[in-house]
Amino acid sequence: MNDKAYWKKYYEENPNPTEPSSFAKFIEGFIEPEKSLIELGCGNGRDSVFFAQNHLHVTAIDQVQQEMDYLNSHYSEYNLDFKAEDFTNLATDQKYDYVYSRFTLHSINEDAEGRVLKWVSNQLNCDGYFFLEVRSINDPMFNNGEKISETENITTHYRRYLDYSKTIEKLENIGLKVIYKIESQGLSVYKDDDPMLIRIVAQKTEN
Ligand SMILES: C[S@@+](CC[C@H](N)C(=O)[O-])C[C@H]1O[C@@H](n2cnc3c(N)ncnc32)[C@H](O)[C@@H]1O
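Structural notes, computed from the coordinates. (Residues numbered from 1 in each chain as written. Predicted model: local features only at pLDDT ≥ 70, side-chain atom pairs only at ≥ 80, totals over all residues.)

### Quick word on the sheet that holds strand β8 (residues 158-160)
Across a sheet, strands are paired by hydrogen bonds formed along the backbone, either parallel or antiparallel in direction.
Alright, step 1. Strand order in the open sheet formed by three strands is β6-β7-β8, and the pairing between neighbours is antiparallel. Here the strands that pair on one side only, and so sit at the sheet edges, are β6 (146-147) and β8.
Alright, step 2. Here two bridges tie β6 to strand β7 (residues 152-154), and the two strands are oriented antiparallel to one another. Looking across to β7, one finds that E146 is bridged to I154. (Pairing = 2+ DSSP bridges. Helix = DSSP H or I, 4+ residues; strand = E, 2+ residues; numbered from the N terminus.)

Written out as C-alpha cells, the structure reads:
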C-alpha cells in the first residue's frame, strides 16, 4: 500500500477531528485572531478546526480528497477551507501570517522538503510564523520497521527523521529567525508512543 492509500484508509476509519494536538495548544501563545493560517497535511482537521474556532482564517491542505470533501461538508460553519492538494507543489500565490506543519515534514523526502521550505519562506508575510513539529532522528520509532536509508524507514508507512541542528540551519538559510526550539520526548505522548520530537517556531523578519 502506498502512503496516500494508507492515509485514505486511515481517514475512512477515523474521519472526524479528534482533540487538538498539544502543539496546536502550545502555539496559542503566538497567534492572534483574524490572521491567516495554512496547515500543511491537516489529516482529519483536528488542529485546523481548533485554529478556526480560535478565530483564524484557515486553509487546510491534505492529499486525501475524500477526507477534505468530508470535512468541508461537516465543518463549513467555521472560517475554514479544506483543499485536496500536494503540499510539496502548492501553486497558490496567496500570502499567510502563519504556516503550520505538524508531523508532515517527516512524510516527505528531502527534495520535497526543500521545495516546501522555499514555499514557506516566499508565502509568509513579514513577521509571520512557521510552526513546525516533526519526528527527530533520535526518535525510538526509527529503530522499528525497515530502515531504507540513514534517515528513512517504513513501518506502517514511510517516515524521514530530521536532524535538530540541520533543521535549524535550513530554516535560517531560508531567511527565518528561529525564536523557539526544543528537541525532546514528552511533548506529544499517544498510547505507547512517546516520540522524540523537534518543535520549532521560526519568524520571517523581512520581505
Ligand atoms: C501523520 S499525519 C499528520 C496529520 C495532522 N497534521 C496531525 O498532526 O494530526 C500526516 C498527514 O500528511 C498528509 N500528507 C503527507 N504527504 C502529503 C503531501 N505531499 N501533500 C498533502 N498531504 C500530505 C497525509 O495524508 C496525512 O494526513
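### Regarding the sheet that holds strand β2 (residues 57-62)
Alright, step 1. Within the open sheet, the seven strands sit side by side as β3-β2-β1-β4-β5-β10-β9. Their pairing is mixed. Pairing within the sheet leaves two strands with one partner each, and these edge strands are β3 (80-84) and β9 (176-184). When the angles between neighbouring strand axes are averaged without regard to direction, this sheet yields 15 degrees.
Alright, step 2. Bridge count for strand β1 (residues 36-40) against strand β4 (residues 96-102) is three bridges, and the pairing is parallel. Residue E39 lies in a different strand from β4, and its bridge partner there is Y100.
Alright, step 3. The sheet contacts of helix α4 (residues 65-74) involve β2 and β3, and relative to β3 the element is tilted by about 160 degrees.
Alright, step 4. The sheet contacts of helix α6 (residues 164-173) involve β9 and β10 (197-204), and relative to β9 the element is tilted by about 165 degrees. (Axes fitted to C-alpha atoms, helices over the stretch in contact; angles between N-to-C directions. Contact = placed C-beta atoms within 7 Å.)

### Observations concerning the pairing of β10
Alright, step 1. Along β10, seven of the eight residues are buried, which leaves the element largely enclosed by surrounding structure.
Alright, step 2. The pairing of β9 with β10 spans eight bridges and is antiparallel. Note on β10: the bridge partner recorded for I182 is R199. (Buried ≥ 20, exposed ≤ 12 C-beta atoms within 10 Å, placed from the backbone.)

### So, the environment of F50
Alright, step 1. Within the element layout of this structure, F50 appears in helix α3 (residues 46-53).
Alright, step 2. As for F50 and V116, which are separated by 66 residues in sequence, their C-alpha atoms are 23 Å apart.
Alright, step 3. If we ignore the near neighbours within four places in the chain, the residues touching F50 are P20 and A24.

### As for helix α5 (residues 110-123)
Alright, step 1. In a regular helix each residue adds 1.5 Å, so 14 residues correspond to 20 Å; α5 covers 20 Å between its end C-alpha atoms and thus fits that length.
Alright, step 2. When we look at burial in α5, the residues that qualify are V116, W119 and V120. Considered in projection along α5, the buried side chains sweep an arc of 100 degrees and stay on one side of the axis. The exposed residues of α5 that point more than 90 degrees off its buried face are D111 and K118.
Alright, step 3. Contacts made by the buried residues of α5 are with β1, β4 and β5 (124-135). (Expected span 1.5 Å × (residues − 1). Arc of directions from axis to C-beta.)

### Quick notes on unusual backbone geometry
Alright, step 1. Phi is positive for H55, which is not a glycine, with a value near 70 degrees.
Alright, step 2. Looking at the secondary structure, you find H55 in the loop between α3 and β2.
Alright, step 3. Judged by local crowding, H55 falls into the partly exposed class, with 14 C-beta atoms found within 10 Å.

### Quick look at the nonpolar core
Alright, step 1. Counting 47 residues, the largest nonpolar core has L37, V99, F130 and F131 as the members making the most contacts within it.
Alright, step 2. It is β5 that provides the largest number of residues to this core, a total of six residues.
Alright, step 3. In this view, F131 contacts I27, Y98, Y100 and V201; residues no more than four positions away in its chain are not counted. (Core = buried A, V, L, I, M, F, W, Y, C linked by C-beta atoms within 7 Å.)

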